[in-house]
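Reading the structure
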Amino acid sequence: MTTLTVLAIEAEKKSAEVTDWGARIAWVVGLLIFVAFVYWLMRQGWKWRGTLQSDLPPLPESPTGPGEAKLRTSGRYHGSTTAGQWLDRIVARGLGTRSRVELTLTDQGMDVVRPGADDFFVPRAQLVAARLDKGIAGKVLAEGGLLVVTWEHGGKQIDSGFRSDRAAEHTAWVEAINSMTDSSTTDSSTGNSSTKTAGTTEGTAR
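Anyway, here's the lowdown on the structure attached to this text. Every chain begins its residue count from 1, and numbering advances along the sequence as written. In keeping with the model being predicted, local features are shown solely for residues with a pLDDT of at least 70 and side-chain atom pairs are shown and tallied solely at 80 or more, while totals for entire chains, interfaces and linings include all residues. Excluded from the side-chain calculations are hydrogens and water; all other atoms, namely the structure's heavy atoms, are used.

Given two aromatic rings, one states the distance between the centres and the angle between the planes to describe the pair. The aromatic pairing rule takes the rings of Phe, Tyr and Trp, using the six-membered ring of Trp, and pairs them if the centres are within 6.5 Å, calling planes under 30 degrees apart stacked, those over 60 edge-to-face and the rest tilted. Taken as a whole and judged by the stated rule, the model has three aromatic pairs. Between Y77 and F120, the ring centres sit 6.4 Å apart and the planes meet at 75°, which makes this aromatic pair edge-to-face. You can see Y77 sitting in strand β1 (residues 69-82) and its partner F120 sitting in strand β5 (residues 120-123), a full 43 residues away along the chain. Judged by centre distance (5.5 Å) and plane angle (15°), the rings of F120 and W151 are stacked. A residue pair is termed long-range when its members are at least 10 positions apart, and F120 in strand β5 and W151 in strand β9 (residues 146-153) qualify at 31 residues. Accessibility classification places F120 together with W151 in one group, the buried group. Only DSSP runs of H or I covering at least 4 residues are called helices, and only runs of E covering at least 2 are called strands; the numbering of each starts at the N terminus. Buried, partly exposed and exposed residues are distinguished by accessible area as a fraction of the type maximum, computed with a 1.4 Å probe on protein chains only: under 20%, between the cut-offs, and over 50%, respectively.

Here it is, written out as structure tokens:
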């Protein structure tokens, strides 16, 4: 028997020893069980968070006649968080579901249409501000790649993140929303000042 033949026989024995199918199958099954367990924990955490946020009122629906569109775009909805806390995800009322989105801005507010998820409407009076950002819970993009709209609902301020299919449009949305909120604030302040002036005049007359 030649040296080459002996080496070939020893190599076959080593290969046979390494190929332990029982151990491999057990390892794969264990890995699948671990992955399923981690997924179950994530689901339980999601449900628990939803329970904690169950006091969030139903989201406003779009009015019958929202008016002429100032801006319109399509893209993706990446989620909502408590305003100023980009990791505090909100999952109640379907706000935690990522989806495609069609945004329309009118004088009455912002209409959010989400195929496959719950639509909602943000009335103008509840719009707080808009800005460009790079991330929201579970999603990080390039600087300025995310349109974040801050709005108020149920006594709570919410940050919602959107990514337009045409990211260059984000700046126009920020400017339009902030101009609407600024004018609303000015109108409100003017109204309060007028009321105070009227009250003072009436008091002086008396």
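There is more to say after this.
What follows concerns the pattern of salt bridges. Put simply, a salt bridge is a Lys or Arg side-chain nitrogen that is within 4 Å of an Asp or Glu carboxyl oxygen. For the coordinates displayed, the defined rule picks out five salt bridges. As a salt-bridge pair, D107 and K70 come within 3.0 Å of each other at their nearest N and O atoms. Of this pair, D107 sits in the loop between β3 (99-106) and β4 (109-113) while K70 sits in strand β1; the two residues are 37 residues apart in sequence, bridging distant segments of the chain. In this structure, R131 and D133 form a salt bridge, with 3.1 Å as the shortest nitrogen-oxygen distance. What you see here is one network of salt bridges that share partners, running through R131, D133 and D159.

Our next topic: the pairing of β9. β9 sits mainly inside the fold: seven of its eight residues count as buried. Of the strand pairs in this sheet, strand β6 (residues 127-133) and β9 are connected by six bridges, and their pairing is antiparallel. Within β9, the residue paired with A129 across the bridge is T150. Between any two strands, at least two bridges found by DSSP are needed for them to pair. Two strands pair when backbone bridges link them, and β9 and strand β10 (residues 156-164) are joined in this way by seven bridges, in the antiparallel orientation. What sits directly across from T150, in β10, is D159. Hairpin connection of β9 to β10: two residues between the antiparallel strands, including G154 at a positive phi of 60°.

To continue, consider the nonpolar core. What makes a nonpolar core is a set of buried Ala, Val, Leu, Ile, Met, Phe, Trp, Tyr and Cys residues whose side-chain atoms join them at distances within 4.5 Å. Counting residues in each nonpolar core, the largest one holds 25 residues, and the members touching the most others are L95, L105, M110, V149, F162 and I177. Secondary structure elements with two or more residues in this core: β3, β4, β5, β6, β9, β10 and α3 (170-205). With five residues, the single largest contributor to this core is α3. Residue contacts are counted whenever heavy atoms from the two residues lie within 4.5 Å of one another. With near-sequence residues (within four places) excluded, V149 lies in contact with M110, L127, A129, A130, I158, D159, S160, F162 and I177.

Interpretation note: all reported values are geometric properties and have no functional meaning in isolation.
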